Amino acid sequence: MVKFVYYIALLANICLLVFSLYTFATGYSNDRLAALLLAVPAVFSLWALKTGPDCEERKLARDLNKARMKKELQDLGK
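Heads up: these notes are all about the structure in this document. (Residues numbered from 1 in each chain as written. Predicted model: local features only at pLDDT ≥ 70, side-chain atom pairs only at ≥ 80, totals over all residues. Heavy atoms only, no water.)

**Considering the packing of aromatic side chains**
Selection criterion: Each pair of aromatic rings taken from Phe, Tyr and Trp, with Trp reduced to its six-membered ring, is defined by centres within 6.5 Å and is described as stacked if the planes are under 30 degrees apart, edge-to-face if over 60, and tilted in the remaining cases. The cut-offs for exposure are 20% and 50% of the maximum accessible area for each residue type, with area from a 1.4 Å probe on protein chains only; residues under the lower value are buried, those over the upper are exposed, and the others partly exposed. For helices the rule is a DSSP run of H or I covering at least 4 residues; for strands it is a run of E covering at least 2, with both sets numbered from the N terminus onward. Sitting over a ring, as applied to charges here, requires NZ of Lys or CZ of Arg to be within 6 Å of the ring centre and within 35 degrees of the ring normal.
Counted under the stated rule, the structure contains two aromatic pairs. On the numbers, 5.3 Å between centres and 70° between planes, the contact of Tyr6 with Tyr7 is edge-to-face. We classify Tyr6 as partly exposed; its relative accessible area is 26%. With a centroid separation of 6.2 Å and 40° between ring planes, the pair formed by Phe44 and Trp47 is classed as tilted. Pair noted here: Phe44 and Trp47 are both in helix H2 (residues 29-51), with a separation of three residues, about one helical turn. An identical accessibility class is assigned to Phe44 and Trp47; each is exposed. Lying across the ring of Tyr6, Lys3 places its NZ or CZ 5.6 Å from the centre.

Printed below as a string of C-alpha cells:
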C-alpha cells in the first residue's frame, strides 16, 4: 500500500510539473510567473520523495519505536 501511495504521489507531481512547464511555454507575462510558482511545490515534493527515507527504513523505525514504548510501559508497571 505504501508503494502505491509513493507512485501515485510521484505521478501527480510529475503531472503538475509538466502542466506548469506547458503553461509557462504557452502563457503570457503574468501566466508565466504563475506557472513557475506552480512548479516550485512539485519540484520540492519530488526532491523530498527522492531524498527521504525509504519504506523499509520507515517501517523499521516505527517497529523500533513501538518496542521502546512497550519496554517503557513494562518498566513503569513494575
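Picking up after the structure, the text goes on.
**Some thoughts on the side chain of Asn13**
Applied cut-off: By the convention used here, residues are in contact when the closest approach between their heavy atoms is within 4.5 Å.
By the element assignment, Asn13 lies in helix H1 (residues 2-26). With relative accessibility at 11%, the residue Asn13 sits in the buried group. Apart from the residues lying within four places of it in its own chain, the contact partners of Asn13 are Ala42, Ser45, Leu46 and Leu49.

**With respect to a positive patch on the surface**
Here is the rule: Within this analysis, patches are made of residues with over 30% relative accessible area and no salt bridge. Like charges are joined at 9 Å or less; nonpolar side chains (Val, Leu, Ile, Met, Phe, Trp, Tyr) at 5 Å or less. All accessible-area figures derive from a Shrake-Rupley calculation using a 1.4 Å probe, and residue coverage is judged against the displayed protein chains alone. We define a salt bridge as a contact between a side-chain nitrogen of Lys or Arg and a carboxyl oxygen of Asp or Glu at a distance within 4 Å. Charge counting follows a simple rule: Lys and Arg are positive, Asp and Glu are negative, and His as well as the terminal groups are ignored. We put the charge of a Lys on NZ, of an Arg on CZ, of an Asp on CG and of a Glu on CD.
On the surface, a cluster of positive charge is made up of Lys3, Arg58, Arg62, Lys66 and Lys70. The greatest single-element share of the positive patch, amounting to four residues, is contributed by helix H3 (residues 55-77). Examined against the element boundaries, Arg62 turns out to sit in helix H3. Relative accessible area serves as the criterion here: at 46%, Arg62 is assigned to the partly exposed category.

**Describing the pattern of salt bridges**
Applying the stated criterion across every chain, the model contains two salt bridges. The salt bridge involving Lys59 is made with Asp63; its shortest N-O contact spans 3.0 Å. Highlighted residues: Lys59 and Asp63, both in helix H3, separated by four residues, approximately one helical turn. The class for Asp63 is partly exposed, based on a relative accessible area of 31%.

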